[in-house]
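Given next are the chains, with one letter for each unit.
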Amino acid sequence: MTQQSNTDEIKKGLAGVVVDFTAISKVNPDTNSLLYHGYPVQELAARCTMEEVAWLIWNGELPSHDQLLAFERQERAGRALDPVVKRVIDELPTTCHPMDVCRTAASVLGARDPKAADSSREANLAKALALFAAMPAVVAYDQRRRRGEELVEPREDLGYSANFLWMTFGVEAAPEVVRAFEVSMILYAEHSFNASTFTARVVTSTLADLHSAVTAAIGALKGPLHGGANEAVMETFEEIGINPDESHEDAKARAKAWMDNALAAKKKVMGFGHRVYKHGDSRVPTMKAALDDLITYYGRPEILGLYDGLEQSMDEAKGIKPNLDYPTGPAYHLIGFDIPTFTPLFVASRIVGWTAHIMEQLENNSLIRPLSAYNGPDERHLD
Ligand SMILES: CC(=O)SCCNC(=O)CCNC(=O)[C@H](O)C(C)(C)COP(=O)(O)OP(=O)(O)OC[C@H]1O[C@@H](n2cnc3c(N)ncnc32)[C@H](O)[C@@H]1OP(=O)(O)O
Ligand SMILES: O=C([O-])CC(=O)C(=O)O
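Parameters and conventions
Residues numbered from 1 in each chain as written. Chains lettered and ligands numbered in written order. Predicted model: local features only at pLDDT ≥ 70, side-chain atom pairs only at ≥ 80, totals over all residues. Heavy atoms only, no water. Helix = DSSP H or I, 4+ residues; strand = E, 2+ residues; numbered from the N terminus. Rg over C-alpha atoms; globule rule 2.2 N^0.38 Å. Buried < 20%, exposed > 50% of the residue type's maximum accessible area, 1.4 Å probe, protein only. Contact = heavy atoms within 4.5 Å. Areas by Shrake-Rupley, 256 points an atom, 1.4 Å probe, with all protein chains shown as cover. Lys, Arg positive; Asp, Glu negative; His and termini not counted. Charge placed at Lys NZ, Arg CZ, Asp CG, Glu CD. Near = heavy atom within 4 Å. Polar contact = N/O pair within 3.5 Å; in protein donor to acceptor, adjacent residues only side chain to side chain. 1 Å grid on protein atoms, 1.4 Å probe; cavity = no way out; pocket = protein on both sides within 12 Å on 5 of 7 lines; lining within 4 Å. Sits in = over half its atoms within 2 Å of the grid points. Nonpolar A, V, L, I, M, F, W, Y, C, P; charged D, E, K, R; others polar. Points joined across faces, edges and corners; volume = space filled by probe spheres on them. Expected span 1.5 Å × (residues − 1). Axes fitted to C-alpha atoms, helices over the stretch in contact; angles between N-to-C directions. Parallel < 35°, antiparallel > 145°, perpendicular 65-115°, else oblique.

Asker: Give a description of the overall build of the protein chain that names residues and reports values.
Answerer: Assigned secondary structure in the protein chain consists of 16 helices and 3 strands. For the protein chain, whose C-alpha radius of gyration is 21 Å, the value lies close to the compact-globule estimate of 21 Å for 383 residues. Principal axes of the C-alpha set define a box for the protein chain whose edges measure 70 × 55 × 45 Å. In the protein chain, which comprises 383 residues, the share counted as buried stands at 51%. Long-range pairs, those at least 24 residues apart, make up 77% of the contacts in the protein chain with a sequence separation of at least 6. With an accessible surface of roughly 17,700 Å², the protein chain has 53% of that area assigned to carbon and sulfur atoms. Once the 38 positive and 53 negative side-chain charges of the protein chain are each reduced to a mean point, those two points are 3 Å apart.

Asker: I'd like a rundown of the site of ligand 2, residues and numbers included.
Answerer: Near ligand 2 you find His 191, Asn 194, His 226, His 274, Arg 283 and Arg 350, and these make up its full shell. Note that an oxygen atom of ligand 2 is positioned 2.7 Å from one of the side-chain N or O atoms of His 191. At 2.6 Å, a side-chain N or O of Arg 283 approaches an oxygen atom of ligand 2. The protein chains hide 83% of the 270 Å² of surface that ligand 2 would expose on its own. The pocket occupied by ligand 2, as judged from atoms lying within 2 Å of grid points, is the largest pocket.

Asker: Can you lay out the environment of Ile 24 for me, pointing to particular residues and giving the numbers?
Answerer: Along the chain, the position of Ile 24 falls in the segment before strand 1 (25–28). Distance from Ile 24 to Pro 301, taken between C-alpha atoms, is 38 Å for residues 277 residues apart in sequence. Setting aside residues up to four positions removed in sequence, Ile 24 forms contacts with Leu 35, Tyr 36, His 37, Ile 57, Glu 190, Ala 356, His 357 and Glu 360.

Asker: Could you give me a rundown of the site of ligand 1, with the residues and numbers involved?
Answerer: Taken together, 20 residues are adjacent to ligand 1, and His 226, Val 269, Gly 271, Phe 272 and Asn 323 come closest. His 226 places a side-chain nitrogen or oxygen 2.8 Å from an oxygen atom of ligand 1. At a separation of 3.1 Å, an oxygen atom of ligand 1 approaches a polar side-chain atom of Arg 275. If ligand 1 stood free it would expose 910 Å²; the protein chains cover 68% of that surface. Spatially, ligand 1 is embedded in the largest pocket. Among the residues forming the shell around ligand 1, the class breakdown is 9 nonpolar, 5 polar and 6 charged.

Asker: Quick one: what's the story with the layout of surface pockets, residue by residue and with numbers?
Answerer: Estimates place the volume of the largest pocket at around 1,600 Å³. Here the lining of the largest pocket takes 3 residues from strand 1, the largest share from any one element. Classifying every residue of the lining of the largest pocket gives 24 nonpolar, 13 polar and 11 charged. Considering only enclosed or pocket space, the second largest pocket measures out at about 440 Å³ in volume.

Asker: How would you summarise helix 11 (residues 229–240) if you had to cite specific residues and measurements?
Answerer: Spanning 12 residues, helix 11 covers 16 Å between terminal C-alpha atoms, matching the ideal 16 Å at 1.5 Å per step. The buried fraction of helix 11 is high, at 9 of 12 residues. Taken together, the buried positions of helix 11 are Ala 229, Asn 230, Glu 231, Ala 232, Val 233, Met 234, Thr 236, Phe 237 and Ile 240. Buried residues along helix 11 sit in contact with helix 8 (175–188), helix 12 (248–264), helix 14 (301–318), helix 15 (325–335) and helix 16 (342–363). Of the residues flanking the end of helix 11, it is Gly 241, one or two places downstream, whose phi is positive at about 110°.

Asker: Lay out the packing of helix 2 (residues 50–59) against helix 8 in plain terms, naming residues and giving numbers.
Answerer: Helices that pack against each other are described as a pair by the angle of their axes relative to one another and the distance between those axes. Packing of helix 2 against helix 8 leaves a shortest axis separation of 9 Å and a crossing angle of 10°. As judged from the angle between their axes, helix 2 and helix 8 are roughly parallel. Of the residues in helix 8, those in contact with Met 50, Glu 51 and Val 53 of helix 2 are Glu 182, Met 185 and Ile 186. Residues of the contact of helix 2 with helix 8, tallied by class, amount to 4 nonpolar, no polar and 2 charged.

Asker: Give a detailed account of unusual backbone geometry, specifying residues and quantitative values.
Answerer: A positive phi angle, near 55°, is found at Leu 14, a position not held by glycine. Within the secondary structure, Leu 14 sits in the segment before strand 1. Judged by its relative accessible area of 37%, Leu 14 is partly exposed. The backbone phi angle of Leu 207 is positive, close to 70°, even though this residue is not glycine. Note on placement: Leu 207 falls in the loop between helix 9 (195–205) and helix 10 (210–221). Classification of Leu 207 by relative accessible area gives exposed; the value is 60%.

Asker: Kindly report on empty space enclosed by the protein, identifying the contributing residues and their values.
Answerer: One pass over the structure, following the stated rule, counts 1 cavity of 30 Å³ or more. In this model, the largest cavity occupies a volume close to 30 Å³. Lining the largest cavity are Pro 98, Val 101, Cys 102, Val 138, Val 139, Asp 142, Thr 341 and Pro 344. Among the elements of the structure, helix 5 (98–112) and helix 6 (121–146) are those that each provide at least two residues to the lining of the largest cavity.

In short, the description is geometric, and any link to function would need to be established separately.
Following this line, the structure appears as structure tokens:
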């Protein structure tokens, strides 16, 4: 075996490597902040709708009143489940993961889009908006069919988040629930060069089309080290055991004992840690406040007990803080989503960030093609 290259040059996982500029978001682990085009995400989550934030991420500025109205009209007109996508979903086994359904739906939508191969900014913006409008129906219908329920048609009188919940559950959600869900959508929308966004940029750098890049990004988001962690968090809560009659303190004590055992067994506990933030994820306090509101609304203090117990034990033992997937897991559970639907919810939101990065990559493209250090056999020949 040879080690021909200077292995000091290898940056495993590209950790610490700055790959390119982006004007879309700034993740600053030192100040524990996240800005979308300069605006702190906490302010956006408190004061804006998901539609306004999507517009901001794509266009670099918040929309004017008229721009927002026109955008909302377009988004509302694109919400119905495409009949071909529905037929394809109906053919998929319910044993497949809902992320497989999202990935397939994005691919089918690309194959059916007459402008799929047009990579002008104008066409890509239209495709981004169409995907953003279409994905909630895919996610909602997939959860419903798995429960043996019929498709619920979208409502044009509801905002993005309220309609998403309407299509999933077939009832109008309370304003408290809509708001907490909307906060999660805003926080998930964009996060610089994370693994799935980078995947989308790599695919785009070959000049492949937007739907190919989004389909690949969905694949990257599925893994439990990235988006799949929000499902794993709730699986942990279920493994510990959820008992709605339990007190906060009892649930917390059981969660602490579980975490101590898990760490003693050197387990990696999903929902904790981050490649960039080492002192806590900038989005967690905002999402934790939304989770607190849901806990109050549903009267479920034991969920907070489990949350606090795991967080406290992890902090005491290793000083590792929760990431955004930690509070979203129990929040989505309380709202009524099935665990395998959690990462598809992340997809529905992150489509905004992925497509913004696809357009930015194309504005100043260079094929992404790093080098590798060869450590296979020396040159040899057939006898
Ligand atoms: C929205 C998002 O995608 S946020 C990320 C969601 N992913 C998760 O929650 C998965 C769980 N977390 C992890 O696997 C990691 O923290 C990652 C992959 C997110 C970041 O990892 P990296 O920056 O590569 O750090 P790495 O995995 O090398 O961990 C550094 C140390 O902290 C430990 N550590 C990190 N995260 C965790 C965790 N969740 N549980 C237990 N230990 C952990 C590692 O075991 C390692 O310890 P060691 O130095 O004694 O070996
Ligand atoms: O930035 C990352 O590596 C992962 C993350 O938090 C995200 O994509 O939201």
